[in-house]
Amino acid sequence: MTSPTPIRGYTASKDQLLARLRRVEGQVRGIEKMVDDDRYCIDVLTQISAIQAALDKVALGLLDGHARHCMHEGAAEGRADEMASEMMAAVGRLMKRG
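A brief report on the enclosed structure follows. Just so it is clear, the model here is predicted, and its values are computed rather than measured.

### Some words on the pattern of salt bridges
Right, so step 1: For the structure shown, the criterion picks out five salt bridges.
Right, so step 2: Of the charged contacts in the structure, one is a salt bridge between R29 and E25, with a shortest N-O distance of 3.4 Å. With R29 and E25 both in helix α1 (residues 14-36), this residue pair falls four residues apart, about one helical turn.
Right, so step 3: Here E77 and R79 are joined by a salt bridge, their closest N and O atoms 3.1 Å apart.
Right, so step 4: On the accessibility criterion, R79 (32% relative accessible area) is partly exposed.
Right, so step 5: Through salt bridges that share partners, E77, R79 and E82 make up one connected network.

### Points about helix α2 (residues 41-76)
Right, so step 1: In this model α2 runs 51 Å from its N-terminal to its C-terminal C-alpha over 36 residues, within 8% of the 52 Å that 1.5 Å per residue would give.
Right, so step 2: The sharpest bend along α2 comes to roughly 40 degrees, located at H66.
Right, so step 3: Among the residues of α2, those classed as buried are V44, I51, A54, V58, A59, L63, G65, H66, C70, M71 and G74.
Right, so step 4: Where α2 is buried, its residues meet α1 and α3 (80-95).
Right, so step 5: Residue G78 follows α2 closely and has a positive phi angle near 80 degrees.

### As for the packing of α2 against α3
Right, so step 1: Relative to each other, α2 and α3 sit at 170 degrees, their axes nearing to 9 Å. On the basis of their axis angle, the class for α2 and α3 is roughly antiparallel. Classified by chirality, the crossing of α3 by α2 is right-handed. Contact with α2, carried on its side by A59, L63, H66, A67, C70, M71, G74 and A75, involves A80, M83, A84, E86, M87, V91 and L94 of α3 and no other residues of that element.
Right, so step 2: Class assignment of the residues belonging to the contact of α2 with α3 gives a composition of 12 nonpolar, two polar and one charged.

### Considering α1
Right, so step 1: If you check α1, its first and last C-alpha atoms are 33 Å apart, about what 23 residues at 1.5 Å a residue would give, namely 33 Å.
Right, so step 2: Of the residues making up α1, those classed as buried are L17, V24, I31 and M34.
Right, so step 3: Those residues of α1 hidden inside the fold are in contact with α2.
Right, so step 4: Positive backbone phi, approximately 60 degrees, marks D38, located one or two places after α1.

Conventions and cut-offs
Residues numbered from 1 in each chain as written. Predicted model: local features only at pLDDT ≥ 70, side-chain atom pairs only at ≥ 80, totals over all residues. Heavy atoms only, no water. Salt bridge = Lys/Arg side-chain N within 4 Å of Asp/Glu carboxyl O. Helix = DSSP H or I, 4+ residues; strand = E, 2+ residues; numbered from the N terminus. Buried < 20%, exposed > 50% of the residue type's maximum accessible area, 1.4 Å probe, protein only. Expected span 1.5 Å × (residues − 1). Bend = angle between axes of the 7 residues up to and from the residue. Contact = heavy atoms within 4.5 Å. Axes fitted to C-alpha atoms, helices over the stretch in contact; angles between N-to-C directions. Parallel < 35°, antiparallel > 145°, perpendicular 65-115°, else oblique. Left-handed = near helix turned anticlockwise from the far one by under 90°. Nonpolar A, V, L, I, M, F, W, Y, C, P; charged D, E, K, R; others polar.

Following this line, the structure appears as structure tokens:
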């Protein structure tokens, strides 16, 4: 017998997140083609910036779901501090770039 799929904070918006990730994947392939075609550096960098912004939106969606669902559930189980620390560590990792 298999266990049921757990409900995650992003379960309700999973289709939207997957669609956004597929668009990001297409953008990455587009950048690969731009480099292969020897496109102007600034144009490639502009597209990289757009991808980073799109990934930030995915991350914010995941954080929103985590805060509204997972942290709520954790608090009900008496793990509010643990969940808050875990989320803040994730936010810290997201903010580090370069």
